[in-house]
Structures are given as C-alpha cells and as structure tokens.
Amino acid sequence: MTIAQKKIGPTLLKVDNISLSFGGVKALTDISFEIREHEILAIIGPNGAGKSSMLNCINGFYHPQQGTITFRGEARKQMRPHEAASHGIARTFQNIALFKGMSTLDNIMTGRLLKMKAGLLSSAIYKGPAEREQIQHREYCEKIIDFLEIQAIRKVPVGRLPYGLQKRVELARALAAEPTLLLLDEPMAGMNLEEKQDMCRFILDVNDEFGTTICLIEHDMGVVMDISDRVVVLDYGRKIGDGAPEDVKNNQAVIDAYLGVQH
Amino acid sequence: MSETSVMPDGRDPLGRDTIPKFIAYNAQHRRDRPAMREKDLGIWQSWTWGEAANKVRQLACGLAALGFKRGDKLAIVGDNRPELYWSVAASQALGGVPVPIYQDSVADEVQYVIDHAEVRFALAENQEQVDKLISIKDRLPKLEMIIFSDPRGMRHYDQPYLHALEKVLAEGEAYGQAHPGFYDEEMARGKGSDISLICYTSGTTGRPKGVMLSHDNVVRSATLAINFDKINETDEILAYLPIAWVGDNFISYAEAAIAGFCVNCPESADTVLQDLREVGPTYFFAPPRIFENLLTTVMIRMEDASAIKRGMFHYFIGVAKRVGCAILERKPVSLTDRLLYALGDLLVYGPLKNVLGMSRLRLAYTAGEAIGPDIFDFFRALGINLKQLYGQTECTVYLCMHTDTDVNPDTVGPPAPGVELKIDPTSGEVLYRSPGVFVGYYKNDEATAETKTPEGWVHTGDAGVFTDNGHLRIIDRAKDVGRLNDGSLLAPKYLENKLKFFPYIKEAVAFGDKRDYAAAFINIDLAAVGSWAERNGIAYTSYSDLAGRLEVYNLIKGCIEKVNRDLSSDSSMAASQIRRFLILHKELDADDGELTRTRKVRRRIIADRYGELIEALYSDRDSIAVEAKITFEDGRTGTFKANLKVANAETYAAMSKAG
C-alpha cells in the first residue's frame, strides 16, 4: 500500500534543561528534547524513569525548578493545567480519570468546557444562544464518537464500561478539546492484544485525520516501534536516548538500561 | 397495494417488472414519504422516495460515466447503508447485476466471488473493505474500479482505480445533465426476464454457488408476499441483516420499493438493539438466533432483578404462556384470564416489548433454522405476531409461511400463494415449483441440472413431512437424517434444537448415524454460563477454562437429562436420547469454517476436524487430549492444547405419550 509520507513540521514544543525534584528526590535531571508538529513521539524508559513526571511538567501539573518549556514559540516557566489546556494541550491519564457516574457522552462534553462561552445567566435561560452553542458542541462530540466507534455506549455510565472502552472514552474526551498537542500516559496499559490493535489504529488515525501532534508514554515496545516517528528514552530521570525507533533500539545505553546493567 | 389489485401469479398490473421502475413510480406517487433513514452523528437522517430516486439516478449516471455497461456486475460489500441499497438499484437500472458479498468474509472468500462472477466494478463501504479488495486486486485482472463510500482514512490512498462515492455522485449529476433522458431510457430497457441479482449461497459444503435471480423472480415473489401479509407503505423495518443474504435484499430492497415502506439503517453493527428500540419497526425479520439471544438476555437480566420484579415477571410470563398464544390467535379464553393478561400487559409485557423495540411490531418472521418451540411461544405469548417462514435462496426466499391465525411452532406453515410443493416418497425430500424459482447457478450448469428437474421442480435438500392440517414440517437436511444401529430414526438437528433452547447452550452438534447411541458436542454460552458461574462463586480465567469446569459439566448434564426425559415421552424419538457428551474448548466459528456465514453448523467439516473427539464419545474414555488449529481475525493461525472431559448423561425408559 502506498501511503504518502506525512509531513512533519517545525518544532511545536521544546523542553530545555528541565530539572525537577521532590525534596531530595531528583525526578528529572537536565532534560532537553523537542516535539515537532504532526509527529508521534514516544517517551519510554524503565519504571520510575520519570516519564509521567515529564508529561506532568509539559501540561503544567508540576513546575520544574529549572529549565524552560517553549510551546508554539512561547517560553514559560510556570503554567497551570487549565492554562495548558486552553493553549491546546490535552492529556489522558495512566489511571483513568473519568467521571464514573456520568455517561460517555457527558464525559466527552466536559472536554468541550473550555470552548463554551455561554455565561451563567444565558445557560440558565438555555433557550437561544446557550442552546445553539450546546448543539454545536454536541455535534463535535458526535463526530468524535463516530470516529472512535463508540456509538453503542453513548448513553452508558462510564463506570459500567470495560477497561479498554474507558480508555477510549478518555481519549475521546481529550480529543473533544481540539488539542494541538495530545499527551497520552500509557494508553494501552492493561489491554489485550485486540484492544491494543484498536487503540494503535485510533492513535494513528487521530494523528492523520486531525493532524494532532501526539506524545505518548508506552511500555509495549512492539507498539512503540510500530507507531512512533521518534523515541525519547529516560532512565533515572536522565535522557539516555533520542531518535528514530531503529536507532534507539540499537543504542547501547538504552539496551543497558532495559537489561539492568549496574551504574 | 391499495391502488391496484394483485394478479394471482404476482405480475404487476401496471407492468412494472423491475425494482428501479417501482422506485421511479414511488418518486412520483410517494415523493414525500420516507424511503430510508440512517442514524448519523446520533440523529436519524431521512431520505424521501423523491430524494432516494434522485440518488439512484445520480449513482447510475456516475457508474455509466465510469464505463459501467449493460450486463456488468457490481460487487457490493459493506454494512447496511442507504448508498449500498441505492447502488443495487443503480446497477439494475443500467441493466447490470449487483453481486452483494458478506462484509465479514475474509479476503480469500471475496476473491473467489469477484473472480467467479467476473466483476468489473466494486463498491466498498469503508477503508476496511477497500483494504481487503486492494490486497487481492493483483489476482483479479477483471476488477477495474473500486468505489468507496466512507472517506475516513482514505486520504492517502492514491491508487488510480479508487473512486470516492461522493465524486461519482457529482459526476453522475453532470453526466445526467449532459445526457438527458439517458437514465429513463436505460431503465425502460430492463425487462422482467433479465438477471437482477446474483447471490452467492454460503453453502454447507464446497465453494459457494452464485444463484441467479431474475427481476420476475424477485418482483413477483415480493408482490405475492406483500399481498399475503398486507404490508403497506406505513410499515417500518430495520435493515440489519447482511445485504449479501437474499432475504435482506428481498425485504429491505424489493419489498420496500414495491410496498413503498421505510427502511432504517442502524448506526453501527453494535447499536442494532438500541436502534431497534428507537425505530420500533412494524415488520421484523430475524433468524432464530436473534430471538434466542434476546430471550437469553432478558432471562439473564431478570435473574439479576430484585425479588419483587422477578416474582412479578415469572408470574405474568406464566399467565402469558398459558393464554397468550390463544389470545393472539383469537381463540376463546375465559374472562378471568383475559383480565389477568391485560394486567400483565400493563405491568410486564408492554414494558418488556418496549425495551426490545417490539411495541409496534405487527409482523415478525423467523427463518433459516428451526426455532425452539419454547422460544417461539415465548414471543407469541407476549402478543407478538411471530411466524415461521421456510425457503431458500433458490426459490427467492420463501416457500411456506404461517397465516396469522394458524401458527404452529413445530411447522413452517402451509405452502405460500403461488407455490407448489411435493415430497419425494423415497428420500423424504421436499421439492417445489414457484414464481420465484431461480434461473440457474452462475457458470455452473451441472449444479443447476442437479437441483432443477426438466419439469421445473427444484430439490430443497431438506427432509419434510406434511401434517394433517396441511402444514409442512421440516425435520432436518435430507442428507443428515440418519439411523442408529437399531434402526431407529435420528434427526441431529432435532436434538440440537432441543439442546439449544437452554440459555447455557449456545451451539450443539449431535451424532449417532450408524452408531449405537446418540451423543453430542456442546458449546456453552459465555454470557449465560459466565453469569451463572459468578452467582455460584466459580472462578474462571477464559472460555476454555470455564468450559472445562466440572461444575459446568454438571450444569450441562442437567440440561441434557431434561432433553432426554422429554425425548423419552415421544416414541419415535425415545431411542435418540443423548448418552454421552463433551463441552468443546472453543466456540464454533465461521472464520474457522465450522459454521456458515449464516451460522449454520457445517457437519462434515466438524466431523473431519474433531474426528478423535467423536471417537471418544463412542469409547469408554473419560477424557481426551486435543490440539486445535485456530484462525485469528487477522488471518494468522495458532494451536491450542487442552484435555477435554467426556461425560455420561442419564437416559430414561421410553414412555407412551399418555403416560
């Protein structure tokens, strides 16, 4: 099958010399890398390497003590998660963070909240502008539901869904925010082979159809090697590898880190 | 058909002899009535007959612009989507022949059909189907163009032979304007004797055969069926069965165009039950499997309901079983029972039918396999006019149908209007002649000659008997009916159907021909047995683990012994009580060739593949090691090893019916 090469653009997000510590524990030490527009970047590394901390720094959940993060040419030191979200960074979590009692559709609609402009008064009256806005947002959410093939669970409370589908709903909610950069924290953890295949297809489709840049953490090396354009490897809070999947696979430092060579 | 009366042979008094002509008629006389609906982005979108006819015209002109000619075949592969039905009409209007293909066929099966039918044009629903076609394109020199309907994921495909449906429609619009009158002339050239459809039958043995049906076959059969059941333009159906199956083409396309009713397409294959509830069809066709599944789901849900609800449910279902069928058939019932039934309708049947999407249902058919009498009566007792129909692709769907007031779960009804039936006295096989008798098998005169006698009688391959009131009862496939060593009759299907009534048993395969006793393979139903295991605190890791549990064997043993007790009361069947059984470690699957695409058991393949297991049933071993080859959905294969238990079941002395 001949699929035209996708265009990887200029740098979207740049991480410069980030260091993060919790008291005496150094989670991240002097890390620099960049995420380019349109690419799928995987961050890998053994347990406790600082992968999730890295994502948390990018979307403003943690504030690194040193270093800067430049997103779309705008350097920043301190940013809150909601600011990151309004700048176009959306994420999913390692442990699913959905509203379990709400339906799939309502959960996805919460992803649109930042885009809703109707005030308290007009929302209370509802008829008129607020209703029109609601319909627009619902339409967008329906497109995502269609895209991720979750029509059958539209009205089902999320708590009743199997794990694999909950992961998909979380992806749907992140997509509802129309992100420029999508951060996925272990999107395939705990899934069976078939669910993983589906998730891979959705990630590739999101990247392709919506043009979303994706940065993901993943443990399944098969998945990482198959879908990512570039891989960043962390170990004990340091970056030990960065490059195309093939190069990283042959990198001695990476092999040592995974096979547990003494430091 | 209020405007005209129907002729006894099903010919149209207005001379419309092809479905596109009926669609053109509807575009004039039912312009603003709904023809199709489809749920898109969570909202039902509808097309009127005027709009639908216009789409058909655009698509036909678009196909013509691409070079589609009279006699060309159009392969159609995908789920039930309006544009797929329109493409059937468009190809027929141009004098071409649609060849629908099962959407879950693997590439190899698709390749066989496209190659055999010499298809030049294919319409694929989405990327998945396009990928399948592209993967076999090299081996199909005659396949020239692939049109795809859903553009998702298709942006980077640059093959010159791929065409987006949207573009084809736009080009068709331009072509139609440049050639005014083209479509109407092409449509008018079609005649009743032309081939209208080639349906590849799933075939229980060997390669599928292409059944050629003429426009006359389809139009006349559909007209007679519409008249028989008083179907009219206010009816509604949900089109969810595979478009490659002749019955879906018949109901969702031919009957819809002739009667002018509305066809609803589900949002996706997973949402069918929800869509059923939203649409509330008045006319519903489903294989027994669907009714079985619905009943199983209801029963499982009721097991989990609160004690009060459960009590109420069981009490009123008891009432319904006692008097429901009689009330439906307008037979005398005492006033007390009528009042109780009315109360039950208010409290249980009404809400239940609403949940199942059957509130407005006035006509439901089941066919394809014999349905368990208890399942059949359950739905009839709720006040649903469920009837049986018997037929096959070669006769254009039906031969026998129950009338509304004379329904018997053990039979498939009297011969339908226009159908002549006879039973071969030596083999017991059913033969027929009807307006629906197929033209022949495509490029297979030998098979045609084997099936169709020179006098026009067609062999069904089914063994049957006529009951005293003129109904036909199908016992089994003529070739499957066997005899035990003591000479008594053995109809495997009959045993299997009895077993499959139990919610815990999903599939059963019975043996016994030329053996000393009857024995069976059992496939457990994961949902039902899983829920049972949960309630009884039995832990299990997988399907095969659950299937091998001793507790599950005892559960199934209980079911089999109930069947045996039941059989013992019927003198002709008492000898075929099941003495030994085993529970299979995997589900029988169409992908492994064990079931047909319409999910019928392929006996020979199973006998071949599980020969050792069958021998174990007829030995005194209590377990056997198996190594099975499994085909995954992506085409890879793997092997599976397990130790299967073989268990015995009690049998009972034959009793006379009076005792």
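Asks: For this particular structure, what's the right way to read the overall build of chain B?
Replies: In terms of regular secondary structure, chain B is built from 21 helices and 27 strands. Whereas a compact globule of 659 residues would reach a radius of gyration of roughly 26 Å, chain B reaches 26 Å, a difference of no more than 12%. Along the first, second and third principal axes, the C-alpha set of chain B runs to 80 × 60 × 55 Å. Counting every position in chain B, which comprises 659 residues, the buried fraction comes to 47%. A separation threshold of at least 6 residues defines the contact pool for chain B, and within that pool the share at least 24 residues apart is 65%.

Asks: Would you explain the overall build of chain A in this entry?
Replies: Scanning chain A from N- to C-terminus turns up 10 helices and 10 strands. Scaling as 2.2 N^0.38, a compact globule of 263 residues should have a C-alpha radius of gyration of about 18 Å, and chain A matches this with 19 Å. For chain A, the spread of C-alpha atoms along the principal axes amounts to about 65 × 40 × 35 Å. Relative to its 263 residues, chain A shows a buried fraction of 36%. Residue pairs at least 24 apart in sequence account for 68% of intrachain contacts in chain A once pairs closer than 6 positions are excluded.

Asks: Got a minute to help me understand the sheet that holds strand 12 (residues 283-285) of chain B in this structure?
Replies: Hydrogen bonds between backbone atoms are what pair the strands of a sheet, whose relative direction is either parallel or antiparallel. All names here are of chain B. Pairing is mixed across the open sheet formed by four strands, whose spatial order is 12-13-14-15. Each edge of the sheet is formed by a strand with only one pairing partner; in this case those strands are strand 12 and strand 15 (400-401). In this sheet, strand 14 (residues 386-390) lies alongside strand 13 (residues 363-366) in parallel orientation, the contact comprising three bridges. Within strand 14, the position partnered with Tyr 365 by the bridge is Lys 387.

Asks: Explanation requested: the pairing of strand 25 (residues 578-583) of chain B in the structure shown.
Replies: Side-chain positions along a regular strand alternate between the two faces of the sheet. Residues and elements named next belong to chain B. For strand 25, the buried fraction is high: six of the six residues fall into the buried class. In the sheet, strand 24 (residues 518-524) pairs with strand 25 via five bridges, with the strands oriented parallel. Across the sheet, Ala 518 pairs through a bridge with Ile 578, a residue of strand 25.

Asks: Explain the pairing of strand 8 (residues 195-200) of chain B to me, please; I cannot follow it from the model alone.
Replies: Residues and elements named next belong to chain B. Summarising burial for strand 8: six of the six residues are buried, a large majority. With five bridges connecting them, strand 8 and strand 9 (residues 210-214) associate as antiparallel partners. Bridge pairing in strand 9 links Cys 199 to Val 211.

Asks: I tried to follow the nonpolar core on my own but got confused; where do I start?
Replies: Side chains of a nonpolar character, in soluble globular proteins, are inclined to be buried together. Of all hydrophobic cores here, the largest spans 141 residues; its most connected members are Val56(B), Ala60(B), Ile76(B), Val99(B), Ala122(B) and Ile198(B). Residue-level mapping places this core at the junction of two domains, with at least three residues from each of domain 1 (19-209 + 238-259) and domain 2 (288-477) of chain B. Dropping the residues within four chain positions of it, Ala60(B) is found in contact with Ala90(B), Ala93(B), Leu94(B), Gly172(B) and Tyr183(B). Ranked by size, the runner-up nonpolar core spans 63 residues in total, among them Met54(A), Leu98(A), Leu184(A) and Ile217(A).

Asks: Which parts of the structure should I look at to understand the domain arrangement of chain A?
Replies: Residues and elements named next belong to chain A. Here the domain parsing of chain A yields domain 1 (1-88 + 179-263) and domain 2 (101-176). The gap between the C-alpha centroids of domain 1 and domain 2 is 27 Å. With 11 residues of domain 1 at the interface, the matching set in domain 2 holds eight residues. Among the elements of the structure, helix 2 (81-86) and helix 7 (193-210) are those that each provide at least two residues to the side of domain 1 that touches domain 2. Examining the composition of the side of domain 1 that touches domain 2, we find that four residues originate from one element, helix 7, more than from any other. Counted by class, the side of domain 1 that touches domain 2 contains eight nonpolar, two polar and one charged residues.

Asks: Would you explain the environment of Arg579(B) in this entry?
Replies: All names here are of chain B. With respect to the element layout, Arg 579 can be found in strand 25. The exposure class assigned to Arg 579 is buried, which follows from the 20 C-beta atoms found within 10 Å. Measuring from C-alpha to C-alpha, the distance between Arg 579 and Asp 516 comes to 9.9 Å, with 63 residues separating the pair along the chain. Not counting residues within four places of it along the chain, the set of residues in contact with Arg 579 comprises Tyr 517, Ala 518, Ala 519, Asn 648, Ala 649 and Thr 651.

Asks: Hey, could you run me through the confidence of the model for chain B in this one?
Replies: Should pLDDT be low for a region, the predicted coordinates there are not to be read in detail. Overall, the prediction assigns chain B a mean pLDDT of 90, with 97% of residues at 70 or greater. Quick note on the complex model: pTM equals 0.82, ipTM equals 0.80.

Asks: Mind showing me how you'd approach the domain arrangement of chain B here?
Replies: Bring the parts together and some accessible area is lost; that lost area is often taken as the interface size. For chain B, the assigned domains read domain 1 (19-209 + 238-259), domain 2 (288-477) and domain 3 (483-648). Taking only C-alpha atoms into account, the centre of domain 1 of chain B sits 40 Å from that of domain 3 of chain B.

Asks: Which parts of the structure should I look at to understand the interface of chain A and chain B?
Replies: Each partner contributes to the interface: chain A provides 13 residues, whereas chain B provides 11 residues. If one sorts the elements of the side of chain A that touches chain B by residue count, helix 5 (residues 129-147) of chain A sits on top with four residues. Split into classes, the residues belonging to the side of chain A that touches chain B amount to four nonpolar, two polar and seven charged.

Asks: Quick question: what am I supposed to make of the packing of helix 8 (residues 215-228) of chain B against helix 9 (residues 246-259) of chain B here?
Replies: Residues and elements named next belong to chain B. For the pair helix 8 and helix 9, interaxial distance at closest approach is 9 Å and the crossing angle is 75 degrees. When the interaxial angle is binned, helix 8 and helix 9 end up roughly perpendicular. Together, Val 218, Ala 222, Thr 223, Ala 225 and Ile 226 of helix 8 and Phe 250, Ala 254, Glu 255, Ile 258 and Ala 259 of helix 9 make up the contact between the two elements. Here the residues of the contact of helix 8 with helix 9 sort into eight nonpolar, one polar and one charged.

Asks: Would you explain the sheet that holds strand 7 (residues 181-185) of chain A in this entry?
Replies: Residue and element names in this part refer to chain A. One open sheet holds the six strands; their spatial order is 6-7-8-3-9-10, and the pairing between them is mixed. Edge strands, defined here as strands with exactly one partner in the open sheet, are strand 6 (89-92) and strand 10 (238-243). The average angle at which neighbouring strand axes cross in this sheet is 15 degrees, direction not considered. In the packing of helix 1 (residues 51-58) onto the sheet, contacts are made with strand 3 (40-44), strand 6, strand 7, strand 8 (213-217) and strand 9 (230-235), and the angle to strand 7 comes to roughly 150 degrees. Sheet strands touched by helix 10 (residues 252-259): strand 9 and strand 10. Its angle to strand 10, the strand with the most contacts, is close to 125 degrees.

Asks: Would you explain the confidence of the model for chain A in this entry?
Replies: Looking at chain A as a whole, its pLDDT mean stands at 88, while 97% of the residues score no less than 70. Looking over chain A, one finds the lowest element-wise mean pLDDT in strand 5 (residues 74-76) of chain A, namely 81, and the highest in helix 3 (residues 104-110) of chain A, namely 95.

Asks: Help me understand the environment of Leu499(B) in this model?
Replies: All names here are of chain B. Position of Leu 499 relative to the elements: it lies in helix 16 (residues 492-500). With 25 C-beta atoms packed within 10 Å, Leu 499 lands in the buried category. Taking the C-alpha atoms as reference, Leu 499 lies 26 Å from Lys 629; in sequence the two are 130 residues apart. Every residue in contact with Leu 499, bar those within four places of it in the chain, is listed here: Ile 505, Ala 508, Ala 520, Cys 559, Ile 560 and Val 563.

Asks: What should I look at first to understand helix 12 (residues 307-328) of chain B in this one?
Replies: Given 3.6 residues per helical turn, the α-helix brings residues three or four places apart onto the same face. All names here are of chain B. Spanning 22 residues, helix 12 covers 29 Å between terminal C-alpha atoms, matching the ideal 32 Å at 1.5 Å per step. The sharpest bend along helix 12 measures roughly 45 degrees and falls at Arg 322. Within helix 12 the residues assigned to the buried category are Phe 316, Ile 317, Ala 320, Val 323, Gly 324 and Cys 325. Just past helix 12, the residue Arg 330 takes up positive phi, approximately 55 degrees.

Asks: Could you clarify how one ought to interpret the packing of helix 2 (residues 49-66) of chain B against helix 3 (residues 82-93) of chain B in this entry?
Replies: Between two packed helices, both the angle of their axes relative to each other and the distance between the axes serve to describe the pair. Residues and elements named next belong to chain B. The N-to-C vectors of helix 2 and helix 3 enclose an angle of 55 degrees; their axes lie 8 Å apart at closest approach. On the basis of the axis angle, helix 2 is oblique to helix 3. Relative to helix 3, helix 2 is oriented so that their crossing is right-handed. From helix 2, Ala 52, Lys 55, Val 56, Leu 59, Ala 60 and Leu 63 reach across to helix 3, where they touch Trp 86, Ser 87, Ala 89, Ala 90, Ser 91 and Ala 93.

Asks: Honestly, unusual backbone geometry in this entry has me stumped. Any pointers?
Replies: The general pattern is negative phi for most residues beyond glycine and trans for most peptide bonds. Even without glycine at this site, Glu186(A) takes up a positive phi of about 50 degrees. On the secondary structure map, Glu186(A) appears in the loop between strand 7 and helix 7. In this model, Thr396(B) sits at a positive phi of 60 degrees, which is unusual for a non-glycine residue.

Conventions adopted
- Residues numbered from 1 in each chain as written.
- Chains lettered and ligands numbered in written order.
- Predicted model: local features only at pLDDT ≥ 70, side-chain atom pairs only at ≥ 80, totals over all residues.
- Helix = DSSP H or I, 4+ residues; strand = E, 2+ residues; numbered from the N terminus.
- Rg over C-alpha atoms; globule rule 2.2 N^0.38 Å.
- Buried ≥ 20, exposed ≤ 12 C-beta atoms within 10 Å, placed from the backbone.
- Contact = placed C-beta atoms within 7 Å.
- Pairing = 2+ DSSP bridges.
- Core = buried A, V, L, I, M, F, W, Y, C linked by C-beta atoms within 7 Å.
- Domains from an automatic or database assignment.
- Nonpolar A, V, L, I, M, F, W, Y, C, P; charged D, E, K, R; others polar.
- pLDDT = per-residue confidence, 0-100.
- Axes fitted to C-alpha atoms, helices over the stretch in contact; angles between N-to-C directions.
- Parallel < 35°, antiparallel > 145°, perpendicular 65-115°, else oblique.
- Expected span 1.5 Å × (residues − 1).
- Bend = angle between axes of the 7 residues up to and from the residue.
- Left-handed = near helix turned anticlockwise from the far one by under 90°.

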